[in-house]
Amino acid sequence: MNPDQFWTSPDGQILHLKNKDAHTVVLTLAFRPRNGGELEFLRAHLAQLHFTERSTLARIGIEMMPHGAPLIESNRLVLEVDAFMFDPHFPTAAFFKKLLRPGVPAGRLFYAPDAAKLSTAMIWEAVKDNRLKLPNTISIDRFGRVFLTPHQVRYTLNPRLQRPEFERLVSGEAGRGYLDKVQVRHETDLLSVPPRSGVLTSCSMYLKEHYVVLNRGEGNFGIHTGAVLLDPVKTFGTNIMLEIYNTGDQPVVNPFVSVDIFRAPEPASDPEFKTLLKKRTRLSATATQLYRCLDENPPPDHNGPARPKTKISVKGQSATMENHSLFFKAGQDFKSIVAAAGRHCGHRTLIQALDVALDNADTLLIDYFPNLLEHIELLTRIQRGNLRRIIFRQPSRTHGFFLSDNAHIRLENYFAINVDVYWLNPDMNDLFLHTYKKDHGFFLREEMVKKFGESTILAFYGSAVSLDRAQTGRIAALMDKLTGFIGSNIGVLTGGGGGVMRLATETARNQGALTGACFLEIEAQAPEIGVDFFNTFQENSRHFRQKWFEVADFCIFNVGGVGTLEEIGIELCNLKLGIRPRIPYVFYEARYFSDLRRQLREMIRTKRAPAWMMDYILFTDDPDEVVAFYRRTLNVL
């Protein structure tokens, strides 16, 4: 470890707990270093380690105060903290101690060296270069401390929430996304914190290369809870929560917080990129050879009939359907695999391949992505093996390139049990790993996963019909302005067709941005392959597919037809319901969308849509106006 770099631990868990008094419980937290070298570094820097509480706990009213520095016991770090409610009015106050059980993740340790701290000049330079986006209410002093005022908004927890919901949140079963949805937002002209109570509020912040540490303060303007660390990439949006409480007997009006900003460890050129590229290249070459072997030497039924454990069929499909399969050990060369598999290089069905799999086999090569019954058979048998990955070549027997909505659910199942899924895509002539961003899965080359996770995604909606020269020029200019505002690490997601979609994709590619598509099985519109990340959906999964656009951070609507109109309706409904956070929506062709603007105003006038929605919608043809609207709506410099 580098002593000049910022460092964070994995989540520490509650080891044991004991009552201190009626309002406080003492927790012993355990943190396990990743390796021996990390342990030795931490041993030498124990006094410089700090604790940050898990934000979910702070958001439900639980505060944690550490007892000094952590200690080393049995190759792990332990730390004692006092846990208590910072506001007795929270609905969890009556039972918060029962939520804190051994094994519950409580927070992390972090190391913040002065060498990684940004000076005032460094902070301002990063803001001007769009590498760091901070609230538009900040002041920076000469010591590099940034002072910011929260939004004029407070949040309360939905009063219908019961103890089981809080137990799911504390255990980690329900994530922050769930908490975002069950919070109730209250606009206010003046944010205040009454005596001996707390407030949940928010700010806007977009971090890509920096950590932010909130200073807890002396209490004059309220005290921030122990959830003090904001991570790069994860801290991205207009709803970055702040938990402030007032221990005094006088109110605090318009509280502010101060933060220090630290440089994250240099991503360099991603040290794993070359390793992952070599891994994917080897796996792709091996899989290609094995599929060729299966095609040239189709396996006979030499193991007798397939013997499923569940003898049922669903809609004409069963686990005994022909699906050439082979279990092998990844890392072996092609000849060794074939020698172990026998002359016919595989089996006629998935079941037969599973039943005779070698003990060290960890990779299932299969022609078609497993159907429901094959999936069930696979789950019932993998306990005897060591399945690490599945490689398939065809998503569907009946729909070729396109996955069904049920297949997407099975992909989630494999992800949940830590089985990697690869698609050796014949149309794209490459191997793609299935991975997740914002709970939605996409296929991409394995070495691009880190970049994909860190990218700001723009959803470009519009028609597949060709554009005229003026429209083409406006969209190209918009992409150029947005890249300057957001930074180069962006991606563009479209429906994978022509017209606006093709133009947005080509423009993004020319600027070095990632390109993505949610391909839909449409007879009149062939998918335009060649993107960096993608997924596919059968024709009857149109509305299901729309949820995948929720991976995008921002939405831009261009000239389109009834399909685009349907997508606009879904996205606006997502904004209204809080499925989307309150982010700017841009309709980029003011005259074309003029009737829609009138309709929205009429909906608001007749109380069929909330008035606040218009604060987040812009109709324009001017790319500079789009950038100004983003700054204003996102409340960032």
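See the structure printed just above.
What counts, and at which threshold
Residues numbered from 1 in each chain as written. Predicted model: local features only at pLDDT ≥ 70, side-chain atom pairs only at ≥ 80, totals over all residues. Heavy atoms only, no water. Helix = DSSP H or I, 4+ residues; strand = E, 2+ residues; numbered from the N terminus. Contact = heavy atoms within 4.5 Å. Buried < 20%, exposed > 50% of the residue type's maximum accessible area, 1.4 Å probe, protein only. Pairing = 2+ DSSP bridges. Axes fitted to C-alpha atoms, helices over the stretch in contact; angles between N-to-C directions. Parallel < 35°, antiparallel > 145°, perpendicular 65-115°, else oblique. Left-handed = near helix turned anticlockwise from the far one by under 90°. Salt bridge = Lys/Arg side-chain N within 4 Å of Asp/Glu carboxyl O. Patch = residues over 30% accessible without salt bridge, like charges linked within 9 Å, V, L, I, M, F, W, Y side chains within 5 Å. Areas by Shrake-Rupley, 256 points an atom, 1.4 Å probe, with all protein chains shown as cover. Lys, Arg positive; Asp, Glu negative; His and termini not counted. Polar contact = N/O pair within 3.5 Å; in protein donor to acceptor, adjacent residues only side chain to side chain.

What to know about the side chain of H375
And step 1. Within the fold, H375 resides in helix α10 (residues 372-381).
And step 2. Setting aside residues up to four positions removed in sequence, H375 forms contacts with P370, R410, N413 and Y414.

A few points about the pairing of strand β3 (residues 24-31)
And step 1. Most of β3 sits inside the fold, with 8 of its 8 residues counted as buried.
And step 2. Residues of β3 alternate between two faces, with T24, V26, T28 and A30 on one and V25, L27, L29 and F31 on the opposite face, all of them buried.
And step 3. Note that strand β2 (residues 12-21) and β3 share 7 bridges and pair antiparallel. If you follow K18 over to β3, its bridge partner there is V26.
And step 4. A loop of 2 residues connects β2 with β3, the two strands running antiparallel in sequence.
And step 5. Across 8 bridges, β3 lies against strand β7 (residues 76-85) in antiparallel orientation. Looking at β7, one finds that T24 is bridged to F84.

Here's the deal with the packing of α10 against helix α11 (residues 405-416)
The relative placement of two packed helices is expressed as an angle between their axes plus a distance between the axes.
And step 1. α11 packs onto α10 with a crossing angle of 15° between their chain directions and a minimal axis gap of 11 Å. In this view, α10 runs roughly parallel relative to α11, as classed from their interaxial angle. Classified by chirality, the crossing of α11 by α10 is left-handed. Touching L372, H375 and L378 of α10 are R410, N413 and Y414, all from α11.

Some points on the pattern of salt bridges
And step 1. In the structure shown here, the tally under the stated rule is 36 salt bridges.
And step 2. Residue E167 is joined to R101 by a salt bridge in which the shortest nitrogen-to-oxygen separation is 3.0 Å. In this pair, E167 is assigned in helix α5 (residues 163-171) and R101 in the loop between α3 (96-99) and β8 (105-111), connecting sequence segments 66 residues apart.
And step 3. Notably, a salt bridge pairs R280 with D430, separated by 2.5 Å at the nearest N-O pair. Note that R280 is positioned in helix α7 (residues 273-296) and D430 in strand β26 (residues 430-437), a separation of 150 residues in sequence. No difference in accessibility class separates R280 from D430, as the two residues are buried.
And step 4. Through salt bridges with shared partners, a single ionic network connects R280, D430, R445 and E447.

As for a nonpolar patch on the surface
And step 1. Taken together, I312, V314 and L372 make up a surface patch of nonpolar side chains, about 230 Å² in accessible area.
And step 2. Its location among the elements puts V314 in the loop between α7 and β22 (325-328).

Considerations on the sheet that holds strand β18 (residues 229-230)
And step 1. Spatially, the 5 strands line up as an open sheet ordered β10-β11-β21-β16-β18, and their pairing is antiparallel. The open sheet is flanked by β10 (139-140) and β18, the only strands paired with a single partner.
And step 2. Pairing between β10 and strand β11 (residues 146-148): 2 bridges, direction antiparallel. When the bridges of β11 are listed, S139 appears paired with F147.

Details of the side chain of D87
And step 1. Structurally, D87 can be placed in the loop between β7 and α3.
And step 2. Of the side chains with opposite charge, R154 comes closest to the buried, unpaired D87, at an N-O distance of 9.0 Å.
And step 3. At 2.8 Å, the side chain of D87 forms a polar contact with the side chain of H89.

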